[in-house]
Amino acid sequence: MDPLHNAMSCCLYPQERLREESILPFSAFLTDNFGRRHSYLRMSLTEKCNLRCQYCMPEDGVKLTPRSQLLSTSEVLTLARLFVQEGVEKIRLTGGEPLIRPDVLDIIAELRKLEGLKTIAVTTNGMNLARLLPKLKDAGLNLINISLDSLVPAKFEFIVRRKGFHKVIEGIDKAIEMGYNPVKVNCVVMRGLNEDELLDFVALTEKKPLEVRFIEYMPFDGNKWNFKKMVSYQEMLDHIRQQWPNLEKLQTGQTETAKTFKVPGFKGQVGFITSMSDHFCGSCNRLRITADGNLKVCLFGNSEVSLRDVLRSGASNEELLQIIGAAVGRKKKQHAGMFSISQMKNRPMILIGG
Ligand SMILES: C[S@@+](CC[C@H](N)C(=O)[O-])C[C@H]1O[C@@H](n2cnc3c(N)ncnc32)[C@H](O)[C@@H]1O
Ligand code: SF4
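This structure is a prediction, so every number in the text was calculated from the model and none was measured.

Colleague: Whenever I open this one, the overall build of the chain confuses me. Can you help?
Modeller: Of regular secondary structure, the chain possesses 12 helices and 12 strands. Taken against the 2.2 N^0.38 rule, which gives 20 Å for 354 residues, the C-alpha radius of gyration of the chain at 20 Å falls within 12% of a compact globule. In the chain, buried positions account for 41% of the 354 residues. A separation threshold of at least 6 residues defines the contact pool for the chain, and within that pool the share at least 24 residues apart is 74%.

Colleague: Just checking my understanding: could you explain the UniProt feature "domain: Radical SAM core" (unreviewed entry) in the chain for this structure?
Modeller: When the UniProt feature table is mapped onto this chain, "domain: Radical SAM core" (unreviewed entry) is found at residues 33–246. Along residues 33–246 one finds 34% helix and 16% strand; the C-alpha atoms at either end are 41 Å apart.

Colleague: Sorry if this is basic, but what is going on with the sheet that holds strand β3 (residues 119–124) here?
Modeller: Strand pairing in a sheet is mediated by backbone hydrogen bonds. Such pairs are either parallel or antiparallel. Reading across from one edge, β7-β8-β9-β6-β5-β4-β3-β2-β1-β10-β11-β12 is the order of the 12 strands in this open sheet, with mixed pairing throughout. Strands with a single pairing partner mark the edges of an open sheet, and in this sheet they are β7 (248–249) and β12 (304–306). Note that β7 and strand β8 (residues 258–262) share 2 bridges and pair antiparallel. Bridge pairing in β8 places Lys249 opposite Phe261. Each of β4 (143–147) and β5 (183–189) touches helix α7 (residues 165–177); the most contacted strand, β4, lies at about 160° to it.

Colleague: What should I look at first to understand the site of ligand 2 in this one?
Modeller: As a matter of local geometry, ligand 2 sits amid 13 residues, with Cys49, Leu51, Cys53, Cys56 and Asn125 nearest to it. For the shell around ligand 2, the class distribution of residues is 7 nonpolar, 4 polar and 2 charged.

Colleague: Explain the site of ligand 1 here, please?
Modeller: In the vicinity of ligand 1 lie 19 residues, with Cys56, Ser147, Asn186, Met218 and Gly354 positioned nearest. Elements that contribute at least two residues to the shell around ligand 1 include exactly β3 and β5. Residues belonging to the shell around ligand 1 are distributed by class as follows: 9 nonpolar, 9 polar and 1 charged.

Colleague: How do you make sense of unusual backbone geometry when you look at a structure like this?
Modeller: A cis amide bond links Asn181 to the next residue, Pro182, at an omega of 0°. Mapped onto the elements, Pro182 comes out in the loop between α7 and β5. One non-glycine residue, Lys224, lies in the positive phi region at around 55°. For Lys224, the location among the structural elements is in the loop between β6 (210–216) and α9 (233–243). Judged by the 11 C-beta atoms lying within 10 Å of it, Lys224 falls in the exposed class.

Colleague: Any chance you could explain the confidence of the model for the chain here in plain terms?
Modeller: Do not read the predicted coordinates in detail wherever pLDDT is low. Residues with a pLDDT of 70 or more make up 93% of the chain, whose mean pLDDT is 91. In this model residues 1–19 is a low-confidence stretch, pLDDT under 50, and it forms 11 contacts with partners more than four residues away in sequence or in other chains.

Colleague: Is there a simple way to think about the packing of helix α4 (residues 104–112) against helix α5 (residues 129–139) in this case?
Modeller: Packed helices, taken two at a time, are described by the angle between their axes plus the distance between the axes. Orientation of α4 relative to α5, taken along the N-to-C sense of each, is 25°, at an axis distance of 8 Å. In terms of orientation, α4 and α5 fall into the roughly parallel class. Every pair of crossing elements has a handedness; the one defined by α4 and α5 is right-handed. On α5, the residues that touch Leu105, Ile108, Ala109 and Arg112 of α4 are Lys135, Leu136 and Ala139. Along the lines of polarity and charge, the residues of the contact of α4 with α5 split into 5 nonpolar, no polar and 2 charged.

Colleague: Whenever I open this one, the pairing of β5 confuses me. Can you help?
Modeller: Consecutive side chains along a regular strand alternate between the two faces of the sheet. Where burial is concerned, most of β5 is hidden: 7 out of the 7 residues are buried. Of the two faces of β5, the one lined by Val183, Val185, Cys187 and Val189 and the one lined by Lys184, Asn186 and Val188 are each fully buried. Relative to β5, β4 is paired through 3 bridges, and the arrangement is parallel. The residue bridging Ile146 from the neighbouring strand is Val185, located in β5. As judged from the 7 bridges shared by β5 and β6, these two strands associate in the parallel manner. Bridge pairing links Val185 to Val212 in β6. For the handedness criterion, the β-α-β arrangement of β5, helix α8 (residues 198–204) and β6 is classed as right-handed.

Rules used throughout
- Residues numbered from 1 in each chain as written.
- Chains lettered and ligands numbered in written order.
- Predicted model: local features only at pLDDT ≥ 70, side-chain atom pairs only at ≥ 80, totals over all residues.
- Helix = DSSP H or I, 4+ residues; strand = E, 2+ residues; numbered from the N terminus.
- Rg over C-alpha atoms; globule rule 2.2 N^0.38 Å.
- Buried ≥ 20, exposed ≤ 12 C-beta atoms within 10 Å, placed from the backbone.
- Contact = placed C-beta atoms within 7 Å.
- UniProt positions renumbered as here; feature names shortened; annotations may be inferred.
- Pairing = 2+ DSSP bridges.
- Axes fitted to C-alpha atoms, helices over the stretch in contact; angles between N-to-C directions.
- Near = placed C-beta within 6 Å.
- Nonpolar A, V, L, I, M, F, W, Y, C, P; charged D, E, K, R; others polar.
- pLDDT = per-residue confidence, 0-100.
- Parallel < 35°, antiparallel > 145°, perpendicular 65-115°, else oblique.
- Left-handed = near helix turned anticlockwise from the far one by under 90°.
- Right-handed = clockwise from strand over helix to strand, strands pointing away.

Set out below in structure tokens:
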């Protein structure tokens, strides 16, 4: 160990020092009964959105939580700090639409100061992205996923029930121009809606450093999911391989959710999020906190615990950690399967944060 490192480890909290010295490899509070280490936290910043995507927002909208019951800026940061101290290395801000939260730049700038946090990511619908991107980059944002489900403006508007196609494209181009690489584009594939555009999306990766990620359509409350509308990974892959038989599979990290491929010679790549047909629960390292402060240990599980209430009761970090650790300890080995999930009560996606 170098002298600076040595000198610094004397100032660490015992828990951190143990981790530094590899006696305790990872926080026990964030490790579940199956040995999964949760080093990735997704925080929803808002329940509101400027779009109304059919697969996410129920047709009749959602009942919004009163503002006083949502996490404040300082509560978001207190929780983020605690999770990072325990070993979280990546935080993704999501929602609702995270870029409509007025303090999003302040939150990112404060997260940037957290030692140990390697990646700050945002998932956005791209509507405000072109305008905000220079400030987001200055604040410290280093990874962007932008949702786009159609390359046909009228179809885009049908799916998201709002106008704005050109703003999203502008946001994607701006992100490329500002050096984000890859810029990830999330596309939820639904039969009868956009599965005929798969090849056009892949073709986008020829000249642009994009990672287009085809997401299997998932069931959430109020989104009218049914099996027939879901296009599976295998079906998508077969279809793409008819056009590009030499599509190459890429190696991915252990906790990567996407299975990634590349057409040789293309600048970008293509990924598949196969949560329904081939889940990746065994390597899941994600935890979620909803905008109203509930910890969700599984996207498809309906058990939640309110960290907001614990925080507001004046609990110490140690007490919070006990509650977080107990929730992580109850995490199931894997989700219940798409048919059971579709019958189960959960939140609509807009109130979870994908
Ligand atoms: C809930 S959104 C929140 C962030 C932001 N508003 C956006 O749209 O990117 C996060 C991601 O979840 C995805 N998503 C929402 N509902 C989904 C569903 N039913 N199945 C699969 N992905 C879904 C969206 O496409 C988006 O990429
Ligand atoms: S997917 Fe994103 S943009 Fe679409 S309604 Fe949900 S939160 Fe809004």
